[in-house]
Every structure is written in C-alpha cells, then in structure tokens.
Amino acid sequence: MADVGAKSSTNFIKEIIDADLKVGKNEGRVHTRFPPEPNGYLHLGHAKSICLNFGLAIEYGGLCNLRFDDTNPTKEEPEYVESIIGDIKWLGFDWGDRLFYASSYFDQLYEFAVKLIKHGKAYVCDLSAEEIRKTRGTLTAPGTNSPFRDRTPEENLDLFERMRAGEFPDGSRVLRAKIDMASGNLNMRDPVMYRILRASHHRTGDKWCIYPTYDFTHGQSDSIEGITHSICTLEFEAHRPLYDWYVEALGIHHPQQIEFAPLNLSHTVLSKRKLLRLVAEGCVGGWDDPRMPTISGMRRRGYTPEAVRAFCERIGVAKRESLVDTALLEHCVREDLNRRAPRVMAVIRPLRVVIDNYPEGQVEELEAINNPEDPAQGTREVPFSRVLYVEQDDFREDPPGKFFRLSPGREVRLRYAYYITCVDVVKDAATGDVIELHCTYDPETRGGWAPDGRKVKGTLHWVSAEHALDGEVRLYDHLFTKPDPVDVEGADWLSNLNPRSLEVLTGCKFEPSLAGAKPGYRCQFERQGYFCADKDSSGKSLVFNRTVSLRDTWAKIEKTQAGR
RNA sequence: UGGGGCGUCGUCAAGCGGUAAGACACAGGAUUUUGGAUCCUGCAUUCGGAGGUUCGAAUCCUCCCGCCCCAGCCA
C-alpha cells in the first residue's frame, strides 16, 4: 500500500489544477469526489476514476469525498452501496468521514428549485413525456416552447408544492428549467428538473413522491460539498453548460467540471448496463464471477489492489477514446505477484509416474524455495516418493524440436528432487492414451544437481501421489473473442462471448503445504501461473482460480512451429 | 445538415515553436534448478490529409477527412 498516492506522471487534469493553484483559485484547495450511483457493482472503469479522484486528492494534499448519486429510487439498492464501499476500501482508498448521499440534499435541492421558480427560471409543465420528446426538436431542428412555459411564478410555486404534496399522478407533470428550446445543445432545451415518482427510496423511504433528475442534482451536490474539480467522463461534456447554468442561476459555489475518456479494455465490456445483462442472462456466475471486470470479480480471481492501481496509473488520463490491451492489465498483475506470491507445486492435468528404482515405501522431504524473488519468504519441505504426478503436457512420446521435457529415453530434472529418465510408457489399450510413465532416478542428483556436472534442459514440477491434495482448478480466458466485443454490425454483442472462457479441471493434485489454504490465498503454481484459492474451497477439496498464466515462451515456439 | 469533443508506433501515452519520452505488445540475444523472473538490443526521418506562417511546426493559421457523444420524466 506504500504506493497509494505515489507521485504519478502528469496529465491534462493536473495541468489544469496546477494552473488553478498558481492563480490562487479555490483558496488553494483541491477537493474531488467519486460519485457512483448505487445501481450496480463497480468495475475497472470505475477503478480508473477512483484512482484518479482519490489520487489527485492525496497528491495535492486535498480531500476526496465518496458520494452516492442516488436520485433514481427505482434502480438503487442498499446491496449496491455496500459492495461499492467494500470495493473502494479494498482498492486502498479512504474518504474519512465524508460519506455522502445526494438524497441527503433533497430538501436543499427542493429549495433551489423554488428559488429558480421565483426567479422565473423554472416552470411546471403538464406535457406528457411523449409530448416533451416531440417538442424537443431534433439534432438539426429547434424545439418548440411548451404551452405552459409562461405560467407565473406564483402559479408554478403552487403547482410545484402540490406536486410535492402528492396531488398529481406519476408522470403527469414535471418541473422544467426555462432555458432555450432553440439551443444547439439539446440539454439546454428546457430540461426536466423534477419528476413525480411514487417509489420508495433506499435512504429517504416514502418522504418524497417527486425526485430531482441527475442533471439537477449532480452539479449542485458538488457545489454543496465545496468540490473544486468535478472530474467525470466524456459523455457529460455536453451537460456542463447546463450544470454551469444551474449554479450560476442559483448563485452558489461553482465547481469546475473536467471530463476524461472512460476506460475501454480489450476482450471485455466496461459498462454497468452490459455487465448487468451478463449477470441477468446467466452468461456468468454473478457480479463476482472471476471473468467479470468488476472489482469483486477481479478480487475473487486473485488480482491485487496494488496491481489494479498500477494499471490505472499506467494507462494514463486523456480525452481521446481508447481501447487498452488486456495484456497490460495482465502484465501489472504478474509484476506484482511475481515479487509477492509464494511458489508451490501443483499438477493440474496429472500423469502418473513410477520411479522404478526408488525404494518402495520410502519418503524424503526435499527443501524447496518459497520465492526466489524474496529470500525472506524462506523454504519449505516437499515430500518425494516412488509414485508421482507430473503434467501431461510435460511428456511427449514423439517430441517436436526444441521440446525439452520428458520423452522416451530422455533425462530431465524434477524440481528440487532428482534427475529422472523415462524408460517405459504405459498406454490405455482401448484409447491409446498414455496413462503412466516408468522412469528411473539417479540417486546422485538429489536436490537437482548432478555431481558429474551433466546438464538437463528441462525442469518439471511434480507432486508425490500419496501426499497429494485433491481439488479443482478453474482456468479463465477472455470473456469475449473480439478485442472490441461491441463492434458488431446488426448482431448482438453477446454473440462475441467466448464459449471457452471458463475451463474447469478436476482431479488436480496439489502439494501438501497447500492444506487449509483460505479463500483469497494467492500463490504461484510453478511453471503455470498465479492462482487464488476460491471461496468454493472446502476442507476436503481445494478450488483454485487461475489469476493469470505465466508468460509461456514454449507455447509461442510451439505456435510458430505449428504455423510452418 | 445543429451542438460538443477527439485524431502522435500494433495498443496506451508524453510532447505546449527548436528538430518524436516512456510503458505494454512484438522480435533478437545473455542468463537461468520455474521454457518464470532478470538483463541487454531492435522497434514512428514521422505526428489523420493538404496548404500556409516561420531560419525552424506534432506543436501556430486555413481548409479538408475520419471517429465519438447528445433528441431518458437514466446516470
């Protein structure tokens, strides 16, 4: 966590803040906020915004609030606020005692509306939603004024109070800002400020039957909190003139809104709506499915907050829309886990190996290094015996060129153990599949070194059969086959779902030191990747999620060989 | 066709009139009891295009082209 708030590279937002500070704007304060709507789980795109907002506050010695923009009771739930709070904490950020809700400002927002009505800047409109849409005009044609646009402030005040009192049915009237129906910016064509909605709110219950729209709430909420820099994504750029109009008309503190490009990640989707659809339609196991780019999904998969933060730092902040390669995220995870995760041996696709000349019943405890990147993590003992398991991929009856692993007659090293030579191959009579190997070991090579100095090209991981722990391993691949899943003509983006995004392996064999691994425990399965114990683990059977594979040079070689 | 943005290496991204940072990816090589890690090396004579200003432009001006967002009583 030492790198939280570490000095980061520059970006256009910092330049704006630096310029503001230089001229003494906002009394030298820097106060940001992260304003999620509690209607879904946070994802990596939010992480980018969180790192930006909280990071800026830390870097400039300012503050960052957490505020829930809960203005639509029909879509918001306490479950979501809980998950959001947990996710931000997990990422490593702290908002002190500044946890706010836009709904706490409902009374004040109401007074703001009254003030605009009194100033003749807002009016109650009886048009239906459909009629409002029709009179809004189009992108190229101006809209037409509502027939209710010129009601007197007195009449508007009366109507608005009665709206609040519940005298009118849902959707029958709205309060609108009186701006300009001919504006080139559609957001300025008398936008709706309040709607009648009889829905119970997760915070205010049934106190209100009218709710302010996001557009009438967001800017003023920032203003109320004294936010100096309101950082948001590009799609709100066209709303900025409206937010400016409201705070100017109200004569209240004017935060400066700055927009940046939202994150897009290859082979996945980053939009609450799309993620919700994946969950709702059962494409994944839930919001925290390890394939999901949600914070909870990444956490379950084994990503570290440090890696996520490093990623957010490296992608930078700009206004240009982009599609970041998932490979960068994976690199950040490997980089972090490489120096922290303890190594362990696990065979995920077991092939039985009998060491013919090893004494029956004999067991040796061999010393293994926990993390070559960090000597402080020490060593452990791993049991070795006559019957072992090695990876099926580590044996080829007919080895291709550059294949350094086991094959008939070839000698390889078993990590931390002995050199072994394959002397026989047992096959299933019916299928022809290799089901067992017979090898001999060289007693002189204990620990993995040959006294005569002879070298072997390959080193294999292994697990002693009688000591092995059983369990399941879940391998994950991209959720979508295309880098940009939404890039579909006519088709549904779900058609780009990767049918092989999840591969479940059972009958996996783990070294005994993994006994009792708690959910969330992260380690490296040597030569394979980083894994994280899943919450589905039980004392009887372990379940590991593959966070990310190790870089696999052999796979690349094999691929280019196949390509020839 | 209205308004608002954006266009620099395969992907992100610095650059702010003085002659194209860095990262990921990729390709070589060294090293290695993880074909991991680490370490070297290479990788935009060019900045969407065309003109112009200037001794000098990715940076300034003009025009053009392309992409994105906005017509929820969603956020």
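Now for a look at the structure at hand.

Scoring rules and cut-offs
- Residues numbered from 1 in each chain as written.
- Chains lettered and ligands numbered in written order.
- Predicted model: local features only at pLDDT ≥ 70, side-chain atom pairs only at ≥ 80, totals over all residues.
- Heavy atoms only, no water.
- Helix = DSSP H or I, 4+ residues; strand = E, 2+ residues; numbered from the N terminus.
- Buried < 20%, exposed > 50% of the residue type's maximum accessible area, 1.4 Å probe, protein only.
- Contact = heavy atoms within 4.5 Å.
- Areas by Shrake-Rupley, 256 points an atom, 1.4 Å probe, with all protein chains shown as cover.
- Lys, Arg positive; Asp, Glu negative; His and termini not counted.
- Charge placed at Lys NZ, Arg CZ, Asp CG, Glu CD.
- Pairing = 2+ DSSP bridges.
- Axes fitted to C-alpha atoms, helices over the stretch in contact; angles between N-to-C directions.
- Phe/Tyr/Trp six-rings, centres within 6.5 Å; stacked < 30°, edge-to-face > 60°.
- Lys NZ or Arg CZ within 6 Å of the ring centre and 35° of its normal.
- Near = heavy atom within 4 Å.
- Polar contact = N/O pair within 3.5 Å; in protein donor to acceptor, adjacent residues only side chain to side chain.
- Nonpolar A, V, L, I, M, F, W, Y, C, P; charged D, E, K, R; others polar.

### As for the overall build of chain A
Here comes step 1: Each helix and strand counted, chain A has 13 helices and 25 strands in total.
Here comes step 2: Counting only C-alpha atoms, chain A reaches 100 × 55 × 45 Å along its principal axes.
Here comes step 3: Across the 564 residues of chain A, 53% fall into the buried class.
Here comes step 4: Across chain A, every contact between residues at least 6 apart in sequence was considered, and the portion connecting residues at least 24 apart equals 72%.
Here comes step 5: Only carbon and sulfur atoms are counted for the fraction: they give 50% of the accessible area of chain A, which is about 25,000 Å².
Here comes step 6: In chain A, which carries 75 positive and 85 negative side-chain charges, the distance between the mean positions of the two groups comes to 3 Å.

### Some thoughts on the sheet that holds strand β2 (residues 63-68)
Here comes step 1: Across the sheet, three strands lie side by side as β1-β2-β3; this open sheet has parallel pairing. Of all the strands in the sheet, just β1 (31-34) and β3 (99-101) have a single pairing partner and so form its edges. Mean inter-strand twist for the sheet, computed between neighbouring axes without regard to direction, equals 35°.
Here comes step 2: Pairing analysis gives three bridges linking β2 to β3, with the strands arranged parallel. When the sheet's bridge partners are listed, L66 is paired in β3 with L99.
Here comes step 3: Together, β1, β2 and β3 form the strand contacts of helix α3 (residues 78-91), whose direction differs from that of β2 by roughly 160°.

### Section: the sheet that holds strand β12 (residues 350-355)
Here comes step 1: Strand order in the open sheet formed by seven strands is β19-β16-β17-β18-β12-β15-β20, and the pairing between neighbours is mixed. Pairing within the sheet leaves two strands with one partner each, and these edge strands are β19 (459-460) and β20 (463-464).

### Some points on the packing of aromatic side chains
Here comes step 1: Here the structure, examined in full by the defined rule, presents 25 aromatic pairs.
Here comes step 2: Measuring from ring centre to ring centre gives 5.3 Å for F384 and W462, while their planes differ by 85°; the resulting arrangement is edge-to-face. Placement of F384 in strand β14 (residues 379-384) and of W462 in the loop between β19 and β20 is noted, with a sequence separation of 78 residues between them.
Here comes step 3: Judged by relative accessible area, which is 1%, W462 ranks as buried.
Here comes step 4: By way of ring pairs, the aromatic residues F106, Y110, F160, Y194, W208, Y211, F216, W245 and Y246 are connected into one cluster.
Here comes step 5: The lysine or arginine in question, R173, covers the ring of F168, its NZ or CZ lying 3.9 Å from the ring centre.
Here comes step 6: One residue, R203, lies across the ring of Y101, its end atom 3.7 Å from the ring centre.

### Here we look at unusual backbone geometry
Here comes step 1: The residue N26 is not glycine, and still its phi comes out positive at about 55°.
Here comes step 2: By the element assignment, N26 lies in the loop between α1 (12-22) and β1.
Here comes step 3: Relative accessible area serves as the criterion here: at 13%, N26 is assigned to the buried category.
Here comes step 4: For E27, which is not glycine, the phi torsion reads 50° and is therefore positive.
Here comes step 5: If you trace the backbone, E27 turns up in the loop between α1 and β1.

### So, the protein's contact with RNA strand B
Here comes step 1: Near RNA strand B lie 68 residues; those nearest to it are E15, R343, R405, G447 and T553.
Here comes step 2: Put simply, 61% of the atoms of RNA strand B that lie within 4 Å of the protein are in sugar or phosphate.
Here comes step 3: Measuring from a sugar or linking oxygen of RNA strand B, one finds a side-chain N or O atom of E321 at 2.7 Å.
Here comes step 4: Between a sugar or linking oxygen of RNA strand B and a side-chain N or O atom of R415, the distance comes to 2.5 Å.
Here comes step 5: Broken down by secondary-structure element, the contributors of at least two residues to the surface near RNA strand B are α5 (129-135), β6 (192-196), α11 (305-315), α12 (326-340) and α13 (553-563).
Here comes step 6: Of the residues belonging to the surface near RNA strand B, the class tally is 24 nonpolar, 19 polar and 25 charged.

### What about the pairing of strand β4 (residues 122-125)?
Here comes step 1: Of the two faces of β4, the one carrying A122 and V124 and the one carrying Y123 and C125 are both buried.
Here comes step 2: Where β4 and strand β5 (residues 174-177) come together, four bridges link them in antiparallel fashion. Within β5, the residue paired with Y123 across the bridge is R176.

### Structural notes on the pairing of strand β24 (residues 529-533)
Here comes step 1: Within β24, five of the five residues are buried, which leaves the element mostly enclosed by the surrounding structure.
Here comes step 2: Two elements, strand β23 (residues 522-525) and β24, share four bridges in a ladder whose sense is antiparallel. Note on β24: the bridge partner recorded for F525 is G529.
Here comes step 3: Linking β23 back to β24 in an antiparallel pair, the connection comprises three residues, with R527 at a positive phi of about 70°.

### A short note on α11
Here comes step 1: Along α11, the positions that sit buried rather than exposed are P305, E306, A307, V308, R309, F311 and C312.
Here comes step 2: Lining the buried residues of α11 we find α2 (44-59), α3, α10 (295-301) and α12.
Here comes step 3: Where α11 terminates, the next one or two residues include G316, which has phi positive at roughly 75°.

### As for the side chain of Q257
Here comes step 1: If you trace the backbone, Q257 turns up in strand β9 (residues 256-260).
Here comes step 2: Accessibility expressed as a relative area gives 10% for Q257, which makes it buried.
Here comes step 3: A polar atom in the side chain of Q257 sits 3.1 Å from the backbone oxygen of F236.
Here comes step 4: Polar side-chain contacts of Q257 include one of 3.1 Å to the side chain of E259.
Here comes step 5: Those residues within four positions of Q257 in sequence are excluded, and the remaining contacts are S230, C232, F236, E237, R240 and Y243.

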